[in-house]
Amino acid sequence: MTATAPRARRRVRWPLVALLALLSVLTVSPFAAMVIVALTPAGKPTVPAQWPDSLTLDNLTRVLSSSGFVDWTLNSVVYSVVSVVVILLTASMAGYAFAKKRFPGRDAMFWTFLATMMVPFQATLIPTFVMVNGLDGVDTFWGLIVPTLANAQAVFLMRQFILGLPDELFDAAKVDGASELRVYLTIVVPLTRPIMATLGVFVFLWHWNDFLWPLVVGQSDATRTLTVGLTTLRTEETQLSLLMASATISVVPCLLVFFLLQRYLVNSIAMTGFK
């Protein structure tokens, strides 16, 4: 009886493993095809028609040496990094206030702020553009960044995480005479590093891949981000190999951010459900 149970579990497990392997192959295949096309010499046949006869780095070199691609990449870095820093700072402060401070209208304010998540961004795109345009923010970095900083999802996640922190820590800090700024810097920030790292990855990926708002606001190469710039390359009938080389290089920062912060992501998942 005991010998047949592990065998039965193995028989049940193999179909699941096969299904996961198939899904993994389907997920990775487009990325693998993108890299292969990026490494294929210009004008040569490549996947899916046939496997390329040779691979080269010339396409990647040409993309990196073009001034437009470098400018777009730097603009995306500024857009993403500044947004991550400001959103994490404001969301952690707001989450701390909503979770541990008591003031009139706290719950009503929080749920009203949270209700903005139910409104699609496309519905507020035109009013937001009108306001930014009225303040001469079109084709500027502040007009690109500021409207995206009010992140209700980040505030909600920070609040839920901080709610799980023991109240005794904050009471002890008050007894010791710590100011609100010191409580925030010495208690809230160190204990919320896992969730802040998780939010940092999500916010970075969101801004790095953002297309609609940068397309509307960034109307020149001075503020055009990488996602919008790649679209202009496609409209200019650029060779497919160069376009795929640009897309391949644009994925690298996302992978670096994930690998640098994956330890905090694992810690955040492991702490889920613990007080």
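Here is a short report on the structure shown in this document. (Residues numbered from 1 in each chain as written. Predicted model: local features only at pLDDT ≥ 70, side-chain atom pairs only at ≥ 80, totals over all residues. Heavy atoms only, no water.)

### So, unusual backbone geometry
Next up, step 1: For D136, which is not glycine, the phi torsion reads 60° and is therefore positive.
Next up, step 2: Non-glycine residue D139 carries a positive phi angle of around 65°.
Next up, step 3: Structurally, D139 can be placed in the loop between helix 5 (121-134) and helix 6 (141-145).
Next up, step 4: Assessed through its relative accessible area of 28%, D139 is described here as partly exposed. (Helix = DSSP H or I, 4+ residues; strand = E, 2+ residues; numbered from the N terminus. Buried < 20%, exposed > 50% of the residue type's maximum accessible area, 1.4 Å probe, protein only.)

### A word on the nonpolar core
Next up, step 1: Grouped together as the largest cluster of nonpolar side chains are 52 residues, with contacts concentrated most on M158, I162, F170 and W213.
Next up, step 2: Considering every element that reaches this core, the biggest residue donor is helix 3 (residues 67-100), with 10 residues.
Next up, step 3: For M158, the residues in contact, after removing those within four places along its chain, are A91, S92, G95, T192, I195, M196 and L199. (Core = buried A, V, L, I, M, F, W, Y, C linked by side-chain atoms within 4.5 Å. Contact = heavy atoms within 4.5 Å.)

### Focus: the pattern of salt bridges
Next up, step 1: Per the stated rule, a full pass over the model turns up 4 salt bridges.
Next up, step 2: Close ionic contact of K101 with E180 constitutes a salt bridge, the shortest N to O distance being 2.6 Å. Of the two residues, K101 is situated in the loop between helix 3 and helix 4 (106-115) and E180 in helix 9 (residues 180-191); the sequence distance between them amounts to 79 residues. (Salt bridge = Lys/Arg side-chain N within 4 Å of Asp/Glu carboxyl O.)

### Description of the packing of helix 4 against helix 7 (residues 152-163)
Next up, step 1: Where helix 4 contacts helix 7, the axes come no closer than 8 Å and their chain directions differ by 135°. Compared by their axis directions, helix 4 and helix 7 come out oblique. You can see that helix 4 and helix 7 cross each other, and the crossing is left-handed. Contact residues: helix 4 offers F110, F113 and L114, while helix 7 offers A152, V155, F156 and R159.
Next up, step 2: Class assignment of the residues belonging to the contact of helix 4 with helix 7 gives a composition of 6 nonpolar, no polar and 1 charged. (Axes fitted to C-alpha atoms, helices over the stretch in contact; angles between N-to-C directions. Parallel < 35°, antiparallel > 145°, perpendicular 65-115°, else oblique. Left-handed = near helix turned anticlockwise from the far one by under 90°. Nonpolar A, V, L, I, M, F, W, Y, C, P; charged D, E, K, R; others polar.)

### A short note on the environment of I126
Next up, step 1: Mapped onto the fold, I126 is located in helix 5.
Next up, step 2: The exposure class assigned to I126 is exposed, which follows from its relative accessible area of 61%.
Next up, step 3: Linking I126 and V216, residues 90 residues apart in sequence, is a C-alpha distance of 9.6 Å.

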